[in-house]
Amino acid sequence: MRKNPNLEVTENFFEIVEKRRAIRKYKPYDIPDEDLKKILEAARLAPSADNSQPWRFIIVKDQKTKELLAKPSTQTFIADANAIVVVLGDPSVSCCSRATWTTRDPMIATEHLVLAAMALGYGTCWIANYESRPQEWVHEVKKTLQIPEHMHIVVLVAIGVPDEKPSPRPRKSLQEICFDGVYGSPLRFH
Ligand SMILES: Cc1cc2nc3c(=O)[nH]c(=O)nc-3n(C[C@H](O)[C@H](O)[C@H](O)COP(=O)(O)O)c2cc1C
């Protein structure tokens with residue numbers, strides 16, 4: 001196993017949030033189990049509707065399977081990630097059997113995972129563009145990863161040691177997205 005000695009650990013929550021970027025280039029290092037466990041533990045502790053915890057995670061490290069997950073996307077970096085976390089939602093345990101929470105709850109857990117990875121020095125990238133991929137791909141992935149037919153593939157997360165430092169992407173200002181009491185009323189801080 002190749003362990004990267006130079007991971008940039010960040011402990012301050014606000015710094016983690018501010019410094020996190022979508023990473024699309026990775027160094028060829030493995031993620032030690034102790035780090036992977038901490039990252040998945042952060043996902044496990046996420047809140048969910050009625051505490052139903054409908055998320056499941058498959059950690060894919062096998063190169064051939066990573067290539068299958070990257071296919072037929074043009075985003076080849078997916079297969080270069082040290083691991084791909086396949087985030088699943090189980091409608092049979094989701095709150096009130098409502099399909100919406102089957103995907104929303106796992107996405108909350110996914111952001112926990114992403115921030116925990118960042119805290120430990122790893123880069124991640126949410127991958128949702130598989131939604132436009134053909135049904136045959138979904139069948140092939142479900143068959144290869146032995147995913148029960150009723151479960152949803154919610155998102156993929158590429159994770160690894162970053163090999164790039166992207167600049168921050170623009171965000172809307174607080175004034176554009178936050179209001180005081182009623183929609184449209186400017187929020188001021190004193
Ligand atoms: C739900 C979701 C889906 C995303 N899907 C993809 C994707 O398929 N491919 C990709 O390269 N980035 C994807 N991203 C990453 C976004 O493009 C990125 O988070 C956004 O541009 C802001 O950049 P930043 O994360 O570096 O701040 C996704 C992000 C989210 C939250």
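What comes next is a walk through the structure. Note that the structure is a prediction, hence the values are computed from the model and not measured.

A word on the side chain of Thr 65. Take Thr 65: it is sitting in helix H3 (residues 63-70). Within the local environment of Thr 65, its side chain forms a polar contact with the side chain of Asp 62, the two groups lying 2.6 Å apart. Sequence-distant contacts of Thr 65, that is, excluding residues within four places in its chain, are made with Val 60, Thr 144 and Leu 145.

Before going further, it helps to examine the packing of aromatic side chains. Taken as a whole, this structure holds two aromatic pairs when the rule is applied. Judged by centre distance (5.3 Å) and plane angle (80 degrees), the rings of Phe 13 and Phe 14 are edge-to-face. A ring pair is formed by Phe 179 and Tyr 183, whose centres lie 4.4 Å apart and whose planes are at 50 degrees; its orientation type is tilted. On the accessibility criterion, Phe 179 (26% relative accessible area) is partly exposed. Judged by its relative accessible area of 76%, Tyr 183 is exposed. Above the ring of Trp 101, the side-chain terminus of Arg 104 is found at 5.0 Å from the ring centroid.

The tally for this structure, following the rule as stated, stands at eight salt bridges. As a salt-bridge pair, Asp 33 and Lys 61 come within 3.8 Å of each other at their nearest N and O atoms. With Asp 33 in helix H2 (residues 33-44) and Lys 61 in the loop between strand S2 (55-60) and H3, the pair connects residues that are 28 residues apart, well separated along the chain. Overall, Asp 33 belongs to the exposed group, its relative accessible area being 54%. Classification of Lys 61 as partly exposed rests on a relative accessible area of 41%. The residue Arg 44 makes a salt bridge to Glu 41 at a minimum N-O spacing of 2.6 Å. Of this pair, Arg 44 and Glu 41 both sit in helix H2, three residues apart, which is roughly one turn of that helix. Residue classification places Arg 44 among the partly exposed positions, given a relative accessible area of 48%. Among the ionic contacts, a cluster of salt bridges with common partners joins Glu 8, Glu 15, Lys 19 and Lys 165.

Here is what the cut-offs are and how they apply
- Residues numbered from 1 in each chain as written.
- Predicted model: local features only at pLDDT ≥ 70, side-chain atom pairs only at ≥ 80, totals over all residues.
- Heavy atoms only, no water.
- Helix = DSSP H or I, 4+ residues; strand = E, 2+ residues; numbered from the N terminus.
- Polar contact = N/O pair within 3.5 Å; in protein donor to acceptor, adjacent residues only side chain to side chain.
- Contact = heavy atoms within 4.5 Å.
- Phe/Tyr/Trp six-rings, centres within 6.5 Å; stacked < 30°, edge-to-face > 60°.
- Buried < 20%, exposed > 50% of the residue type's maximum accessible area, 1.4 Å probe, protein only.
- Lys NZ or Arg CZ within 6 Å of the ring centre and 35° of its normal.
- Salt bridge = Lys/Arg side-chain N within 4 Å of Asp/Glu carboxyl O.

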